[in-house]
Amino acid sequence: MEELKLVPSEPVWEKVEMQIRKEKDRRRALLWIPLFALVGAGLWLGIDKYAQRTAFKSPPPVKENHVGLPASESHAPVESFKANPKATSGNHLTIPKAGIENRRFTPGDVKRSSAKAIESSVAISKVPKVSVPASKETAVAESTENNNKNDKTEVIQGKESIPSIQPKTTQPSDSSKAAKPTISATTQPVKTDSTAVKAGPVKKYAISRQWKFNLVVASGWSGLGKVEFSNGQKSMNVYSSPPSGTSNGGTGQYSYYGPSAVEKGFAFTAGARAKKQLTKRTSFATGLLYDYYSNTIQVGSQVNQNTTLLSYPVSRFYYSAYQYYSGQTTVLQPYKNKYHFVTVPAEMDWQILKKHPLNLSFGLSFQYLVATNALRYDYNTQAYFHNISAFNRAQLMSGISMTYSVPLRKKPLSFGPQFQYGLTRLEKGNADNHLFSYGLKAQWQFKN
Amino acid sequence: MDQYVLVKDCLRGKRTAQKQLYDLFAGPMLSVCYRYTKSMADAEDVLQEGFVKVFFNLHQYKSTGEIGAWIRRIMVTTAINYLKRNARYQSELVFPEEHLHVVDNEAQPEVKMQAKELADLIRQLPPGYQTIFNLYAVEGYNHVEIGKMLGIQESTSRSQYARARALLIQWMEQKENADKRNVYAKLI
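The following paragraphs examine the structure supplied in this document.

The rules behind each value
Residues numbered from 1 in each chain as written. Chains lettered and ligands numbered in written order. Predicted model: local features only at pLDDT ≥ 70, side-chain atom pairs only at ≥ 80, totals over all residues. Heavy atoms only, no water. Helix = DSSP H or I, 4+ residues; strand = E, 2+ residues; numbered from the N terminus. Buried < 20%, exposed > 50% of the residue type's maximum accessible area, 1.4 Å probe, protein only. Contact = heavy atoms within 4.5 Å. Areas by Shrake-Rupley, 256 points an atom, 1.4 Å probe, with all protein chains shown as cover. Expected span 1.5 Å × (residues − 1). Salt bridge = Lys/Arg side-chain N within 4 Å of Asp/Glu carboxyl O.

1. Some points on the overall build of chain A
Tallying secondary structure elements over chain A gives two helices and 16 strands in all. Counting the 448 residues in chain A, one finds 43% classified as buried. In chain A, of all internal contacts separated by at least 6 residues, the share reaching a separation of at least 24 is 75%. For chain A, the computed accessible surface area is about 24,600 Å², with 56% contributed by carbon and sulfur atoms.

Rendered as structure tokens:
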């Protein structure tokens, strides 16, 4: 059987080579992950230090005598509600005095939640099959290296169809050729499942005006920040003052519990982005994304009770809630605020370096809050409640990112850090709380 | 080129070395695959799959034996796996427990035949017989090893091989007789 030597058709090696290259490219792409993880980690540490200085922090505990929430009979801050048509709901706010005891105000036992590793999502592409040429007719093989070695050697190229033979009744179909090996050319096309490669002219410097589509994935951290102008100076500290007014005869001390500190949470982005080249090194991008932000606060126990909560100090808003979380306690539990946005970005991409695909992206994103379970803090009742109407659902987010592209068979894969900051307030009527997030972004161009 | 140098160059990712290794063994390995399948297209599929495995696992090759023998083992295993998962062969790749009286007399038939013709005859066998015959008579595996590879008992492998051999001898004798009749017919 060693005498039998066959020659495979050309596409076999091409398919083998393609499989080998595919694996090599995949391994090469994986090497970039630790590099960008290092860069991302460095950026994260730097931004984290910045974020610590600008985090949403609760004020120091205030202990005052006879200063507290007014009793239900006198709603000094509520008087301004009377003009509001919404105030005619008929429900009056009652503040149980029993709930307000002589307690020391202690800030929530806020501990930094354990840091999770930044998940760098890599949109790894599936390289489509490289098309192989259609089969070509094989020439008659009369002299090959194998034939030169052995006279009895038969060399067959191309494909053959083996005739079906009934061994008991008929003879093998090629018995007539048994005397002398004859070599015939076969012209059956090789089975392929892809189209032929079309080699076109290589244009190195032409700018394509077509839209290029990318898949975008990003993950990182998000939080709430605040910018307050006080005497012309910016301050990122939360400043919330208790309502003014005198207590209506009550004895004892009233302690004031401020809103909880906000700890950063996981953020995630996914979607598609369309990019159009404007000049050789700049391009415009837009798309449709899904953004997820989260943060953690410390709240008290859940109270299932129909009530109307007033949001002080902005008194023109009424919110009703069937359940809320008490803030008047030192026994706290973590609560995760989650925000789900649909985002339409408008960004400019600029290739910083001429010879290296290092891009800087900056721009604005219009976001719409689709759903959230986030709690708002009511200064009057010192409670947390949920009502999506209490948030500004339309948000304007600024963003900046830097990415490095790795070519993957004309469909580059880009990695890099990104930072976003909300230009609009997240919550209605409240102090300026702005969403921000930072993390690592990856995008893969799947269509030219 | 020395095969060890060739293997090292292949491991370094040199395309020319990989092509050279392929050119060196593609022909003989296609013959191996050809014997296990029913068509050249299937044989080339097995060859392609086998060589991909060769290059992916080349780092596991220990230079104790010939690289050709190592590649051949991969091809045989790939061919068997191909038969097992290919729908065309699955239904026929059965190994019934036949209680045949196994003849230990491994006498060679007195029939001369070209390698290609013999290969074609082997490929006429049912896939189960074909596989076992190839593994035992051509590749040199013993029945214990064949049983492990195919998940059958040693006795089944022996009986299947005996049956396959008997069939082949019968076909070869018929072919020889037919050739003789044709020769006589031409002379008359």
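2. Some points on the environment of M149 of chain B
Residues and elements named next belong to chain B. Structurally, the position occupied by M149 is in helix α8 (residues 143-150). Between the alpha carbons of M149 and I80 there is a distance of 8.5 Å; along the sequence they are 69 residues apart. If we skip the residues at most four places from it in the chain, M149 touches V76, I80, K84, L135 and Y141.

3. Here's the deal with the environment of L83 of chain B
Tracing the chain through its elements places L83 of chain B in helix α4 (residues 67-85). Between the C-alpha atom of L83 of chain B and that of P127 of chain B, which follows or precedes it by 44 residues, the distance is 8.2 Å.

4. Re helix α3 (residues 40-56) of chain B
Residue pairs three or four apart in sequence face the same way in an α-helix, which turns once every 3.6 residues. For α3 of chain B, with 17 residues, the first-to-last C-alpha span of 24 Å sits near the 24 Å given by 1.5 Å per residue. For α3 of chain B, the buried fraction is high: 13 of the 17 residues fall into the buried class.

5. Observations concerning the pattern of salt bridges
Applying the stated criterion across every chain, the model contains 13 salt bridges over all chains. We note a salt bridge from E17 of chain A to R15 of chain B, for which the minimum N-O separation is 4.0 Å. Here R15 of chain B lies in helix α2 (residues 15-36) and E17 of chain A lies in helix α1 (residues 10-53), a pairing that spans two chains. For R12 of chain B, the salt bridge identified is with D9 of chain B, shortest N-O distance 2.8 Å.

6. Re the side chain of H143 of chain B
All names here are of chain B. Assignment of secondary structure puts H143 in helix α8. With a relative accessible area of 5%, H143 lands in the buried category. If we skip the residues at most four places from it in the chain, H143 touches Y136, E154, S157, R158 and Y161.

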